[in-house]
Amino acid sequence: MFQGAISALVLPFKNGHIDEEAYRELIEWQIEQGIDGLVPCGTTGESATLTHEEHEKAIHICIDQAKKRVPVIAGCGSNNTTEAIRLTQFAKDAGADAALLISPYYNKPTQEGIFLHYQAVNKAVSFPFLVYNVPGRTGSNISSDTMARMYHQIPDMLGVKEATGNLVQISNMLEKTDEKFILLSGDDSTVLPSLALGAKGTISVTSNILPKKVHELCQAWFDGKPQEAKQIHYYLEPLNRVMFIETNPIPVKTALHLMGKMELELRLPLCNMQDATFNALKKTLQDMKII
């Protein structure tokens, strides 16, 4: 169910509020372009700046617009275990297909603390979930041993969005689990090598811009066409690079604005791009004939 190209959705704002019309149109376009799944309220959706009401609204809109045509993995993570439980319960009740739970950030828990956090969430809410491991955001890495322990001991733990880009760690995680373990790349530049190691797909930033191409990369690999997958990988690499030329989601939201898909409105402490990086982004989009 959770494989292929899954978009970590941008959340459009207008005049300080969620732009529901632009958000629904983005979701519909993603599905029309062949995306394999959607993640509302992840990092790319500026989840850290949302009120609880907005967080729930964004998840509800996504589930309603998708109408079960593709799976919805709702961002429910928090560095507060009680809050993560509440958000996961909401996602379950709202009709999401699974939760995406980021490793607790800022607190910097030990590996035991990380395990106990996820165990507590799943004990409170029986609901399928994926771990989100992104040390660059959280300040701590989930080791392959801890990941395997959670997979084998926590009933509803399906796998991980692994955003380190560390292929050795990815290999170790896959070695210590089994074929049912769902490893999704959270790093756009290493989707193809991750697939080669046994990943099931990607939760992607780049697929906000080119959902069809990221889907085609994954599908080519699944279809036993590695050369085609490699060609698509190299085609996407210039876009992958500029998506992270400033902090995500600043470049991807700016790109979608340049494509005419939403207003350019970010929430502080995120702000508009610097001139040099904006020009580099715009040039890449023009060179690739995206705008």
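Our subject is the structure that appears above.
These numbers were taken from a predicted model, which means no experiment stands behind them. (Residues numbered from 1 in each chain as written. Predicted model: local features only at pLDDT ≥ 70, side-chain atom pairs only at ≥ 80, totals over all residues. Heavy atoms only, no water.)

Enquirer: I'm lost on the overall build of the protein chain in this one. Help?
Expert: For the protein chain, the count of helices and strands is 12 helices and 10 strands. The C-alpha radius of gyration computed for the protein chain amounts to 18 Å, which stays within 12% of the reference 19 Å derived for 291 residues, consistent with globular compactness. Taking the principal axes of its C-alpha atoms as reference, the protein chain extends roughly 50 × 45 × 35 Å. When contacts within the protein chain are restricted to residue pairs at least 6 apart in sequence, those whose partners lie at least 24 apart make up 71%. Surface accessibility of the protein chain: about 12,200 Å² in total, with carbon and sulfur atoms responsible for 50%. If the 27 positive side-chain charges of the protein chain are averaged to one point and the 33 negative ones to another, these points end up 2 Å apart. (Helix = DSSP H or I, 4+ residues; strand = E, 2+ residues; numbered from the N terminus. Rg over C-alpha atoms; globule rule 2.2 N^0.38 Å. Contact = heavy atoms within 4.5 Å. Areas by Shrake-Rupley, 256 points an atom, 1.4 Å probe, with all protein chains shown as cover. Lys, Arg positive; Asp, Glu negative; His and termini not counted. Charge placed at Lys NZ, Arg CZ, Asp CG, Glu CD.)

Enquirer: What's the story with the pattern of salt bridges in this structure? I'm lost.
Expert: Pairing of side chains with opposite charge becomes possible as their charged atoms draw close. Within this structure, the stated rule accounts for 13 salt bridges. The salt bridge involving Glu56 is made with Arg86; its shortest N-O contact spans 2.8 Å. Of this pair, Glu56 sits in helix α2 (residues 52-66) while Arg86 is found in helix α3 (residues 81-94), placing the two residues 30 residues apart along the sequence. Exposure remark for Arg86: the relative accessible area of 31% places this residue in the partly exposed category. One network of salt bridges, with partners in common, ties together Glu20, Arg24 and Asp64. (Salt bridge = Lys/Arg side-chain N within 4 Å of Asp/Glu carboxyl O. Buried < 20%, exposed > 50% of the residue type's maximum accessible area, 1.4 Å probe, protein only.)

Enquirer: Honestly, the state of the cysteines in this entry has me stumped. Any pointers?
Expert: As used here, a disulfide is simply a covalent bond connecting the sulfur atoms of two cysteines. What the rule picks out here adds up to zero disulfides. Free of any disulfide, Cys62 has its nearest neighbouring cysteine sulfur in Cys41, separated by 8.4 Å. We classify Cys62 as buried; its relative accessible area is 0%. (Disulfide = S-S within 2.5 Å.)

Enquirer: When you look at the packing of helix α1 (residues 20-32) against α2 in this model, what are you seeing that I'm missing?
Expert: Relative placement of two packed helices is described by the angle separating their axes and the distance separating the axes. Interaxial distance between α1 and α2 falls to 10 Å at its minimum, and their mutual angle equals 45°. Classified by the interaxial angle, the pair formed by α1 and α2 is oblique. Where α1 crosses over α2, the handedness of that crossing is right-handed. Between α1 and α2, the contacting residues are Glu20, Tyr23, Arg24, Ile27, Glu28 and Ile31 on the first element and Lys57, Ala58, Ile61, Cys62, Asp64, Gln65 and Ala66 on the second. In terms of residue class, the contact of α1 with α2 is built from seven nonpolar, one polar and five charged. (Axes fitted to C-alpha atoms, helices over the stretch in contact; angles between N-to-C directions. Parallel < 35°, antiparallel > 145°, perpendicular 65-115°, else oblique. Left-handed = near helix turned anticlockwise from the far one by under 90°. Nonpolar A, V, L, I, M, F, W, Y, C, P; charged D, E, K, R; others polar.)

Enquirer: Honestly, helix α10 (residues 226-242) in this entry has me stumped. Any pointers?
Expert: Note on helix geometry: an α-helix contains 3.6 residues per turn, so any two residues three or four positions apart are oriented the same way. When the terminal C-alpha atoms of α10 are compared, their 25 Å separation across 17 residues agrees well with the 24 Å that a helix rising 1.5 Å per residue should span. A maximum bend of about 40° is found in α10 at Leu236, where proline Pro238 lies one to four positions downstream. Every buried residue of α10 is accounted for by Ala229, Ile232, His233, Leu236, Glu237, Leu239, Asn240 and Val242. (Expected span 1.5 Å × (residues − 1). Bend = angle between axes of the 7 residues up to and from the residue.)

Enquirer: What am I meant to see in the packing of α10 against helix α12 (residues 275-287) here?
Expert: It is the contact of α10 with α12, at a shortest axis distance of 9 Å, that shows an interaxial angle of 160°. Classified by the angle between their axes, α10 and α12 sit roughly antiparallel to one another. Where α10 crosses over α12, the handedness of that crossing is left-handed. Contacts between α10 and α12 pair Pro238, Leu239 and Val242 from the former with Ala280, Leu281, Thr284 and Leu285 from the latter. Tallied by class, the residues present in the contact of α10 with α12 amount to six nonpolar, one polar and no charged.

Enquirer: It is not clear to me how the packing of aromatic side chains should be interpreted in this structure. Could you clarify?
Expert: Two measures describe an aromatic ring pair: the distance that separates the ring centres and the angle between the ring planes. Taken as a whole and judged by the stated rule, the model has two aromatic pairs. Geometrically, the ring pair formed by Tyr118 and Phe129 is stacked, given 5.8 Å between the ring centres and 0° between the ring planes. Within this pair, whereas Tyr118 is found in helix α4 (residues 111-124), its partner Phe129 is found in strand β7 (residues 129-133), the two being separated by 11 residues in sequence. We note that Tyr118, like Phe129, is buried. An angle of 85° between the planes, with centres 5.0 Å apart, marks the rings of Tyr151 and Phe181 as edge-to-face. Linking Tyr151 in helix α6 (residues 144-153) with Phe181 in the loop between α7 (167-175) and β9 (182-185), this pair joins segments that are 30 residues apart in sequence. Neither Tyr151 nor Phe181 differs from the other in exposure class; each is buried. The ring of Phe115 carries Arg149 above its face, with NZ or CZ at 3.6 Å from the centroid. (Phe/Tyr/Trp six-rings, centres within 6.5 Å; stacked < 30°, edge-to-face > 60°. Lys NZ or Arg CZ within 6 Å of the ring centre and 35° of its normal.)

Bear in mind that shape data such as this cannot, by itself, settle questions of function.
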